[in-house]
Amino acid sequence: MTVDIDKTSGPSDTPPAGPEAIKAIPVRHYGRYVSAVVAIALLVGVVYAFSQGKINWDAIPDYFFDDRILDGVGKTLLLTVLSMLIGIVGGVMLAVMRLSKNPVTSSIAWFYIWFFRGTPVLVQLIVWFNLGLVFEYINLGPFYKDEWSDFMTPFLTALLGLGLNEAAYMAEICRAGLLSVDEGQTEASHALGMSHSKTLRRIVIPQAMRVIVPPTGNEVINMLKTTSLVSVVQYPELLRAAQDIGQTSGAPAEMLFLAAAWYLLMTSVFSIGQYYLERYYARGSSHSLPSTPFQKIRANVLSLSSRSKPTGGKA
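For clarity, every value in this text was computed on a predicted model and none was experimentally measured.

> Can you explain the nonpolar core? Please cite residues and give values.
When a protein is soluble and globular, its nonpolar side chains tend to lie buried together. In this structure, Leu79, Leu162 and Val230 are the most contacted members of the largest nonpolar core, which totals 21 residues. Listed by contribution, the elements that provide at least two residues to this core are α3 (67-98), α5 (121-129), α7 (154-179) and α9 (196-226). At seven residues, the largest contribution of residues to this core is made by α7. If you look at the next biggest cluster of nonpolar residues, it comprises 17 residues, including Ile60, Ala242, Ile245 and Ala251.

So, in structure tokens, the structure goes:
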């Protein structure tokens, strides 16, 4: 008996079809939509309430670039820069003293930080302004001699009050940055014959800057706003100038909004500078630098444009 084999019934030469591609369906987050609507509604409500209030908004642009306001802005910036300079230099010195093995210098630094961090800066400003009750004269020998009331001007009071207080906070920031550097770096430097001061300048401080810079940027912005407290010692910075104009123009509330707008403008500029400074010092510690705001905007625009383009398909 013969068996006929049908040659056409063999396996096909074409490979079997693979599994179908999984179509991912994004999860809808309805809570996000609800929270966005609620936030927008609250924002609209606040804007509407301010627009209906008894506030003369036209007075703000009239005085926004007034000479007294611009002079107050300049003095605010000057006081901020000089106070931060005193705070940074004093903070570095106090941090080194605090980490010193000498118990005397370490104790002095600890007491300074404890005192200035433990008392409000407003109280310190008032105390500096009224030290004439304790020291009637200031006598520096052949160099300078005068009455305390003439020596302690409003500007010097503001500078000492803000700068010395800031030094206490910067000391803790600098101390944290110095402790973040591995001790092996210092040991290796000493093994190469470098002195302690040279090791700090060349090895430790440059590496500690990555930790010191971000909180220092926050301190600069905070100092800019804290300068408004020196109006109590009669220093004509931005807030004092706005208050004086408000009393003479009959628009005290409007001038406060004007001062707030100037503070927001200056802090925004400082925040941009802080961002790029942090990015600069992050070069050695990060494999890829974070995108700048302009790069993020460009990436989002390109992604939106690519999504809007129609995708081709088989006819």
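> Describe the layout of surface pockets, naming the residues involved and giving the relevant values.
If a probe the size of a water molecule is rolled over the atoms, the empty space left behind becomes visible. Taken as a whole, the largest pocket holds about 520 Å³ of empty space. As for the largest pocket, its lining consists of 16 residues, and the residues nearest its centre are Leu99, Leu178, Thr186, His196 and Leu200. For the lining of the largest pocket, the elements supplying multiple residues, two or more each, are α7, α8 (183-191) and α9. Taken as a whole, the second largest pocket encloses approximately 390 Å³ of empty space. Along the wall of the second largest pocket there are 20 residues; nearest its centre are Ile88, Met209, Val213, Thr216 and Leu277. Here the residues of the lining of the second largest pocket sort into 16 nonpolar, four polar and no charged.

> Hey, could you go over helix α4 (residues 103-118) for me, with residue numbers and the actual values?
Because the α-helix completes a turn every 3.6 residues, residues three or four places apart line up on one side. Given a rise of 1.5 Å per residue, 16 residues ought to cover 22 Å, and the 22 Å separating the end C-alpha atoms of α4 matches this to within 8%. Taken together, the buried positions of α4 are Ser106, Ala109, Tyr112, Ile113 and Phe116. Projection of α4 onto a plane perpendicular to its axis shows the buried side chains occupying an angular sector of 125°, all on one side. The outward face of α4, more than 90 degrees from its buried face, is lined by the exposed residues Pro103, Val104, Trp114 and Gly118. Buried residues in α4 make contact with α3, α5 and α7.

Thresholds, definitions, all that
Residues numbered from 1 in each chain as written. Predicted model: local features only at pLDDT ≥ 70, side-chain atom pairs only at ≥ 80, totals over all residues. Heavy atoms only, no water. Core = buried A, V, L, I, M, F, W, Y, C linked by side-chain atoms within 4.5 Å. Buried < 20%, exposed > 50% of the residue type's maximum accessible area, 1.4 Å probe, protein only. Helix = DSSP H or I, 4+ residues; strand = E, 2+ residues; numbered from the N terminus. 1 Å grid on protein atoms, 1.4 Å probe; cavity = no way out; pocket = protein on both sides within 12 Å on 5 of 7 lines; lining within 4 Å. Points joined across faces, edges and corners; volume = space filled by probe spheres on them. Nonpolar A, V, L, I, M, F, W, Y, C, P; charged D, E, K, R; others polar. Expected span 1.5 Å × (residues − 1). Arc of directions from axis to C-beta. Contact = heavy atoms within 4.5 Å.

The values reported here are purely geometric and, on their own, carry no functional implication.
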